[in-house]
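Here is what each chain is made of, one letter per residue.
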Amino acid sequence: MDWPLLLQLTLNGLIVGALYGVVAMSFVLIYKASQVVNFAQGEFLLVGAWVCWWLLTDWQLPFWAGFLFTLAFMTLFGIIIQVVVLRPLIGEPVISVIMATIGLGIFFQALMKWIFGVFAKPFPPIFAADQVSVLGLQVQTVYLLSLGISVLIMLGFAWFFTFSKHGLAMRATAFDQQVAQSLGVSVPKVFAMSWAISAVVSAVAGVVVGVVNGVSSALSFYGIKVFPAVILGGLDSILGAVLGGLIVGVLENWAQYLDAEWLNWGNMYTIAPFYALILILLIKPYGLFGTKNIERV
Amino acid sequence: MTAMIPAGEYHATYREDMTIFPTRNSRYALWIGIALLCLAPLALGRYELGLLITIGFTGIAALGLNILVGFTGQISIGHAAFFGFGAFASAWLHEYAHIPVALCIPLAGLMTTAVGMIFGLPAARLKGLYLAIATLAAQFILEDFFARAQWFTGGVAGRITEPFTLFGWVADREESYFYVVLAYVIVMFVAAANLMRTRDGRALVAVRDHYLSAEMMGINLAYYRTLSFGIASFYAGIGGALYAHYLLFVSVEAFNILYSIQFLGMVIIGGLGSVMGSLMGAAFMVLLPEVVQAGADALAGGAVDRALKIGANISFLREMAIGATIILFLIFEPDGLARRWRLIKAYWKLYPYSH
């Protein structure tokens, strides 16, 4: 056994997993608030990262300004998507809503390829030092930053849903729409807000991944990787999403190690989470923290 | 049987209510339609025939998906993977077991059914979005399997297939292969239309409409969900096998998630729970890229083309057209082309007094 390598992989897994956790959280946010399974979550990362890249390279903005503009744009983007596409579909069957988000996903992925091309493009350098050493392990500065940002976002979510008025309104809506409405919560506003927050948070994750690996349509695969994470954690649990993301991140790195050392199958990094997904669905479909759906006639 | 139906419902027996052809004319119309299609190779060029063949085999696969999604209410985002499995299975059966191609196609359908049942096992317990996510995983696992299983698929190089032969008749050109596909389309569509008139077909619809009530009426949910998954896989396998012996080459990359989504798009566009709608949806989805191409050709060389670089990015435009069409249909015509067709028929039935 190659312990240092395994440790390094575990650390990488935790860092990538934290990002999965963030994306999974924004996915769960939409699901909890509006009961929509968003298959276009990955495209939120993609659009956010490309917009930020465009502002930094074509407009030569400093990083903080470009980043803030990106967040503002994504707020609008999320609201517009919800109002234009998802609002007319309220009350339609699950298949229609799923198909609408899938359609959005293909549309924006193709649009981004059309505008920005198919090749990965690097962000302009942001940090002076590329790598720092933590406990003897080499870690990229951006990775450390991404871990920090992920934790910050998670704490922000915790604060938002426990203390802020809007967060409480969202939880009330998720719990029972009619009761929330009768207490004066504007449900359409809550829906729009959940999409806006989800788009913004995903865009942050997108920019972080873009800074590390360059921006390309591969980013949208994060939206697919989110499914193992949220199913593992339970579709409607924010805490579960974070844990699920971390577990999936570590799992894929371990699977890669296992593969490289003994199995030599190749491609396990991408596929292992999906085997896990099928297993979880067979054994415990509501995940670790999900609400069990008990149905009565 | 009368030539026309009177306005209003006068059915006195279930038999009359369940009939596929309500009037004599509708039966004649179908026969004339089939006869015209049989003459198509005389009138159309190879390119147009190729489009018709493509509509045929994608239509069969889309019908399978419609039985699953439209009739049973189960969602599958992995249909292209099963379609691809059918294509590889038929090619593999011919090369290693030396079974004639004419037999390979139905056998490939059965093999795909078996694989579909394996992934369909979770379907017995899952529904709605959980099943959608499970089939999404099936899509990626099968795609990975195609790339890995060199013995079965030929790996990255792909697999070359042999043309369809029956008693010495070789269907290696569009003009001849068209009849093979046409025969399969007729058999599979008639089978599906009749399936919906049996107890099993009605049980599937009951599972979709209210599964708890269905269960209380003695319908075994797990059995019918798995059955529906098996039927859908069988149709996908047949469609895939027909695809393999048409193109004579099966590549690993062809059966990606975008193709799966296209199948779902066909079902939505054609109309959920409509047998003929599946064919209309398939035709729409196959012809959509042609329309986009025609639009791009019309703009070619102009200022718009230069500014937006349409010619170089036509493939992305096609993908955008697919995504946009799905969304527009969901918002403006959620019941698909089948409903539009019914409205057109109703309009002419009542013509000059439509109000």
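Look above for the structure.
No experiment lies behind these values; they were computed from the predicted model shown. (Residues numbered from 1 in each chain as written. Chains lettered and ligands numbered in written order. Predicted model: local features only at pLDDT ≥ 70, side-chain atom pairs only at ≥ 80, totals over all residues. Heavy atoms only, no water.)

Caption draft 1: Highlighting the overall build of chain A. Within chain A, the secondary structure is distributed over 11 helices and two strands. Element order for chain A, N to C, with α for helix and β for strand: α-α-α-α-β-β-α-α-α-α-α-α-α. For chain A, whose C-alpha radius of gyration is 19 Å, the value lies close to the compact-globule estimate of 19 Å for 297 residues. For chain A, the C-alpha atoms occupy an extent of roughly 60 × 50 × 35 Å along the three principal directions. For chain A, the share of sequence-separated contacts (at least 6 apart) that also reach a separation of at least 24 residues comes to 74%. On chain A, roughly 13,500 Å² of surface is accessible, and the fraction owed to carbon and sulfur atoms is 69%. Side-chain charges in chain A split into 11 positive and 11 negative, and the spacing between the mean points of these groups amounts to 14 Å. (Helix = DSSP H or I, 4+ residues; strand = E, 2+ residues; numbered from the N terminus. Rg over C-alpha atoms; globule rule 2.2 N^0.38 Å. Contact = heavy atoms within 4.5 Å. Areas by Shrake-Rupley, 256 points an atom, 1.4 Å probe, with all protein chains shown as cover. Lys, Arg positive; Asp, Glu negative; His and termini not counted. Charge placed at Lys NZ, Arg CZ, Asp CG, Glu CD.)

Caption draft 2: Looking closely at the packing of helix H1 (residues 3-34) of chain A against helix H2 (residues 41-57) of chain A. Residue and element names in this part refer to chain A. Close contact between H1 and H2 brings their axes to 10 Å; oriented N to C, the two are set at 120°. As summarised for this structure, H1 and H2 are arranged oblique, according to the angle between their axes. Between H1 and H2 lies a crossing whose hand is right-handed. Here H1 contributes Val-23, Ser-26, Phe-27 and Ile-30 to the contact with H2, which in turn contributes Gln-41, Phe-44 and Leu-45. (Axes fitted to C-alpha atoms, helices over the stretch in contact; angles between N-to-C directions. Parallel < 35°, antiparallel > 145°, perpendicular 65-115°, else oblique. Left-handed = near helix turned anticlockwise from the far one by under 90°.)

Caption draft 3: Focus on the interface of chain A and chain B. Counting from both sides, the interface comprises 46 residues of chain A and, opposite them, 45 residues of chain B. Of the roughly 4,000 Å² buried at the junction of chain A and chain B (both faces included), carbon and sulfur atoms supply 81%. Between chain A and chain B we count zero salt bridges in total. Joining chain A to chain B, the criterion identifies zero residue pairs in polar contact (both at pLDDT 80 or more). Elements that contribute at least two residues to the side of chain A that touches chain B include exactly helix H3 (63-86), helix H4 (94-116), helix H9 (222-233) and helix H11 (268-283) of chain A. With 15 residues, the top contributor of residues to the side of chain A that touches chain B is H4 of chain A. (Buried area = accessible area lost by both parts, 1.4 Å probe. Salt bridge = Lys/Arg side-chain N within 4 Å of Asp/Glu carboxyl O. Polar contact = N/O pair within 3.5 Å; in protein donor to acceptor, adjacent residues only side chain to side chain.)

Caption draft 4: Seen up close, the pattern of salt bridges. Residue and element names in this part refer to chain B. Per the stated rule, a full pass over the model turns up seven salt bridges over all chains. Arg-173 is paired through a salt bridge with Glu-175; the nearest N and O atoms lie 3.5 Å apart. Between Glu-333 and Arg-340 there is a salt bridge; the shortest N-O distance is 2.7 Å. Look at Arg-340 and you get partly exposed, because its relative accessible area is 40%. Three or more residues joined by partner-sharing salt bridges are found here, namely Glu-333, Arg-339 and Arg-340. (Buried < 20%, exposed > 50% of the residue type's maximum accessible area, 1.4 Å probe, protein only.)

Caption draft 5: Broad picture of the environment of Val-47 of chain A. Residues and elements named next belong to chain A. Note that Val-47 resides in helix H2. Overall, the relative accessible area of 2% leaves Val-47 in the buried class. Separated by 30 residues in the primary sequence, Val-47 and Phe-77 place their C-alpha atoms 9.4 Å from one another. Setting aside residues no more than four positions away along its own chain, Val-47 makes contact with Phe-73, Met-74, Phe-77, Phe-108 and Met-112.

Caption draft 6: Highlighting helix H9 (residues 199-209) of chain B. Residue and element names in this part refer to chain B. Within H9, the full set of buried residues consists of Gly-201, Ala-203, Leu-204 and Val-207. Relative to the axis of H9, the buried residues are bounded by an arc of 160° and lie together on one face. For H9, the secondary structure elements touched by its buried residues are helix H3 (46-71), helix H8 (174-195), helix H10 (211-216) and helix H11 (221-247). (Arc of directions from axis to C-beta.)

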